[in-house]
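Here is how the chains run, residue by residue.
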There are 2 protein chains.
Amino acid sequence: MLNELFHMFFQQNRYLVNKLNEVLKPHGLFSSQWTILFLLHQDGPMSLTAIWKYLNVEAPTVTRTVNRLETLGWVERQYGMDKREKIISLTKKGLEQFPPIAASVRSFEQEIEKKLSQQDQELLKGILKKIEG
Amino acid sequence: MLNELFHMFFQQNRYLVNKLNEVLKPHGLFSSQWTILFLLHQDGPMSLTAIWKYLNVEAPTVTRTVNRLETLGWVERQYGMDKREKIISLTKKGLEQFPPIAASVRSFEQEIEKKLSQQDQELLKGILKKIEG
DNA sequence: TTAAATTATTTAGGTAGGTAAATAAATTGG
DNA sequence: CCAATTTATTTACCTACCTAAATAATTTAA
């Protein structure tokens, strides 16, 4: 990258994603799969559209990841009144296995956050908000 | 993502990569291809290994991107004394077309940087350094 | 009421990252 | 000297993002 700042940003992003994948590996999950499980656990059953709009990614990306999660038994789909819509929810397996995975991820996040002061974290949030805004 | 900070980080990374790809599109390039062209322009001919070590990505990723760049006529390869090694360098086309692309990218970067004060930028660099360290 | 437009999802195919294992050349040690 | 190890690159295959276009269901408007 031309600019050091952008170069560093992209490098740290790869670092964080790779580390998160390492943490998730024993649970048989990848980062984006986890992101969707977490969202479903937090907000309950929701449509594909609700998922991709919330996560700010395109629909086909979510289609594929949800299909994989379904194959692996983490989520299931129901059809609503609107027959176009697929409503995705956690399966029993998804619900039951969630807590220990969440604990692993939380502990990873805390490890990273230990490297930053509380002030750094707030500053970083503020700066990140300015980038897209 | 569990944590708002990580979630924001990943979102802004996608935002920046997508925006950069938009800027590069008229030039027929994608962000990672540009990253490699930029490196070769800056440091001169170098081996695949030198490229992936510098960029902090795995070898197969660079193999693929360099092959694509070769097909598109941006780079060429020579073999050194060590016959395992491939030395990659910019072609005439690569050298000639570089400056206007660099100008577009620079202008994109400046646009983003306008959203951040000089102080924000230094703070962000400092915080990014702490994440991996 | 039905043709046109919109919405939800999928399919197809591209870039960009990863791991694991193969290959070929160079280096090292007994 | 040559067998074993290391190094450079590639191949094969997975996740994760993208765009463009297809399909099917719903909504809107003439």
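Our structure is the block above this text.
Keep in mind that what you see is a predicted model, and the values were worked out from it rather than measured.

### With respect to the overall build of chain A
When helices and strands are tallied, chain A shows six helices and three strands. Walking chain A from its N terminus toward its C terminus, one meets helices and strands in the order α-α-β-α-α-β-β-α-α. Here the analysis covers contacts within chain A between residues at least 6 apart in sequence; of these, 48% occur between residues at least 24 apart. With 18 positive and 15 negative side-chain charges, chain A shows a spacing of 4 Å between the two charge centroids.

### Focus on the layout of surface pockets
Reported here for the largest pocket is a volume of approximately 1100 Å³. Around the largest pocket, the lining comprises 34 residues; the ones closest to its centre are Asn13(A), Arg14(A), Asn13(B), Arg14(B) and Val17(B). Within the residue set of the lining of the largest pocket, elements represented by two or more residues are helix H1 (4-24), helix H2 (31-43) and helix H4 (59-71) of chain A together with helix H1 (4-24), helix H2 (31-43) and helix H4 (59-71) of chain B. The class makeup of the residues in the lining of the largest pocket is 16 nonpolar, 16 polar and two charged. In this structure, the second largest pocket encloses a volume near 190 Å³. Contributing to the lining of the second largest pocket are Gln11(A), Arg14(A), Tyr15(A), Asn18(A), Trp52(B), Asn56(B), Val57(B), Glu58(B) and Glu132(B). In terms of residues, the lining of the second largest pocket owes the most to one element, H1(A), which gives four residues. Here the lining of the second largest pocket is composed, by residue class, of three nonpolar, three polar and three charged.

### A closer look at the nonpolar core
As a rule of thumb, soluble globular proteins bury nonpolar side chains together. With 78 residues, the main nonpolar core has Trp34(A), Ile51(A), Trp34(B) and Ile51(B) as its most contacted residues. Those residues within four positions of Ile51(B) in sequence are excluded, and the remaining contacts are Ile36(B), Leu39(B), Leu40(B), Met46(B), Val62(B), Val66(B) and Ile88(B).

### As for the relation of the copies chain A and chain B
With an RMSD of 0.0 Å, chain A superimposes on chain B once it is rotated by 180° and translated 0.0 Å along the axis. Read as a symmetry element, the transformation amounts to a two-fold axis. When the interface residues of chain A are mapped onto chain B, 100% of them are again interface residues, pointing to one common binding face.

### What to know about the interface of chain A and chain B
On the chain B side, the residues contacting the 47 residues of chain A number 47 residues. The contact between chain A and chain B buries some 5000 Å² in all, and 70% of this surface belongs to carbon and sulfur atoms. Remark: the boundary between chain A and chain B carries four salt bridges. In this structure, Lys130(B) and Asp120(A) form a salt bridge, with 2.6 Å as the shortest nitrogen-oxygen distance. Linking chain A with chain B are 18 residue pairs in polar contact (both at pLDDT 80 or more), by the criterion used here. Mapped by element, the contributors of at least two residues to the side of chain A that touches chain B are H1, H2, helix H3 (48-55), helix H5 (92-114) and helix H6 (118-132) of chain A. Per element, the largest residue contribution to the side of chain A that touches chain B is 15 residues, and it comes from H1(A). Residue composition of the side of chain A that touches chain B, grouped by class: 26 nonpolar, 10 polar and 11 charged.

### Observations regarding H4(B)
Every α-helical turn comprises 3.6 residues, leaving residues that sit three or four positions apart pointing alike. Residues and elements named next belong to chain B. The end-to-end C-alpha distance of H4 is 18 Å, a good match for the 18 Å that 13 residues give at a rise of 1.5 Å each. On its buried face, H4 sits against H2, helix H3 (48-55), strand S2 (75-79) and strand S3 (86-90). Backbone geometry just downstream of H4 places glycine 73 in the positive-phi region, at approximately 85°.

### Considering the environment of Gln12(B)
Take Gln12(B): it is sitting in helix H1. Excluding residues that lie within four positions of it along the chain, Gln12(B) makes contacts with Phe9(A), Leu128(A), Ile131(A) and Glu132(A).

### So, the sheet that holds S3(B)
Residue and element names in this part refer to chain B. Strand order across the open sheet formed by three strands is S1-S3-S2, with antiparallel pairing between neighbours. In this open sheet, the two edge strands, each paired with only one partner strand, are strand S1 (46-47) and S2. Across five bridges, the pairing between S2 and S3 is antiparallel. Across the sheet, the residue bridging to arginine 77 is isoleucine 88, located in S3. The sheet contacts of H4 involve S2 and S3, and relative to S2 the element is tilted by about 110°.

Conventions used here
Residues numbered from 1 in each chain as written. Chains lettered and ligands numbered in written order. Predicted model: local features only at pLDDT ≥ 70, side-chain atom pairs only at ≥ 80, totals over all residues. Heavy atoms only, no water. Helix = DSSP H or I, 4+ residues; strand = E, 2+ residues; numbered from the N terminus. Contact = heavy atoms within 4.5 Å. Lys, Arg positive; Asp, Glu negative; His and termini not counted. Charge placed at Lys NZ, Arg CZ, Asp CG, Glu CD. 1 Å grid on protein atoms, 1.4 Å probe; cavity = no way out; pocket = protein on both sides within 12 Å on 5 of 7 lines; lining within 4 Å. Points joined across faces, edges and corners; volume = space filled by probe spheres on them. Nonpolar A, V, L, I, M, F, W, Y, C, P; charged D, E, K, R; others polar. Core = buried A, V, L, I, M, F, W, Y, C linked by side-chain atoms within 4.5 Å. Buried < 20%, exposed > 50% of the residue type's maximum accessible area, 1.4 Å probe, protein only. Least-squares fit on C-alpha atoms with pLDDT ≥ 70 in both. Buried area = accessible area lost by both parts, 1.4 Å probe. Salt bridge = Lys/Arg side-chain N within 4 Å of Asp/Glu carboxyl O. Polar contact = N/O pair within 3.5 Å; in protein donor to acceptor, adjacent residues only side chain to side chain. Expected span 1.5 Å × (residues − 1). Pairing = 2+ DSSP bridges. Axes fitted to C-alpha atoms, helices over the stretch in contact; angles between N-to-C directions.

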